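# Observations on the model geometry
Spelled out, the chains give:
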Amino acid sequence: QVQLVESGGGLVQAGGSLRLSCVASGSIFGTGTTGWYRQAPGKQRELVASITSGFSTDYANSVKGRFAISRDNAKNTVYLQMNSLKPEDTAVYYCNLQVYVGKSRRLEESWGQGTQVTVSS
């Protein structure tokens, strides 16, 4: 099982910026799709942004133009640059990795422990 460790969360005023980082253990990071999800109190976890092994990206409509996801496979790290933050971005942000492994192409999914992002108005 891949271990994912997030960092970079915190408290920021509306309009500010934060950069989240997530470091993965092991050697399969570069072969998988990785991304960031978030969960606000009382709400379901939702996809924020993802990036494939081929560097294709996808974003939730609510963050398009404000957030940017990137990855550095040499460092087993995925980043989420968050700009123009809004109070509604407040949530716990989770790193995710999905890799198909073995001859059976079994999907292996890993989650980080989460990092809190709080945006004050």
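Our subject is the structure listed above.
What you see as residue numbers is a count from 1 along each chain, following the sequence as written. Only residues with pLDDT of at least 70 are given local features in this predicted model, and only at 80 or more are side-chain atom pairs given and counted; all residues enter the totals for whole chains, interfaces and linings. The side-chain quantities take in all heavy atoms of the structure and omit both hydrogens and water.

### What to know about the nonpolar core
Residues W36, L80, M82 and Y93 are the most contacted members of the largest nonpolar core, which totals 30 residues. Secondary structure counts use DSSP, requiring at least four H or I residues in a row for a helix and at least two E residues in a row for a strand, with both numbered from the N terminus. Broken down by secondary-structure element, the contributors of at least two residues to this core are β3 (18-24), β5 (46-51), β7 (67-72), β8 (77-82), β9 (91-101) and β11 (115-120). Among the elements that make up this core, the one with the highest residue count is β9 (6 residues). Residue contacts are defined here by distance: any two heavy atoms, one from each residue, within 4.5 Å place the two residues in contact. With residues up to four places along the chain from it excluded, the contact list for Y93 reads E6, L20, W36, Y37, R38, V48, F67, L80, M82, G114, T115 and V117. Only buried Ala, Val, Leu, Ile, Met, Phe, Trp, Tyr and Cys residues count toward a nonpolar core, and they belong to the same one when joined by side-chain atoms within 4.5 Å. The rule is simple: take the accessible area with a 1.4 Å probe, protein chains only, and divide by the maximum for that residue type; under 20% is buried, over 50% is exposed, in between is partly exposed.

### Looking at the side chain of R71
Tracing the backbone through its elements, the reader meets R71 in strand β7. Positive charges come from Lys and Arg, negative ones from Asp and Glu, while His and the chain ends are left out of the count. Salt bridges are defined by distance alone: a side-chain nitrogen of Lys or Arg within 4 Å of a carboxyl oxygen of Asp or Glu. D72 provides the closest opposite charge to the buried, unpaired R71, separated from it by 8.4 Å. Here a polar contact is recorded for every N or O atom pair within 3.5 Å, except that within protein the pair must consist of a potential hydrogen donor and a potential acceptor, and residues adjacent in sequence are included only if both atoms are side-chain atoms. Only 2.8 Å separates the side chain of R71 from the backbone oxygen of F29, close enough to count as a polar contact. Looking at R71, its side chain comes within polar contact range of the main-chain oxygen of G32, at 2.8 Å.

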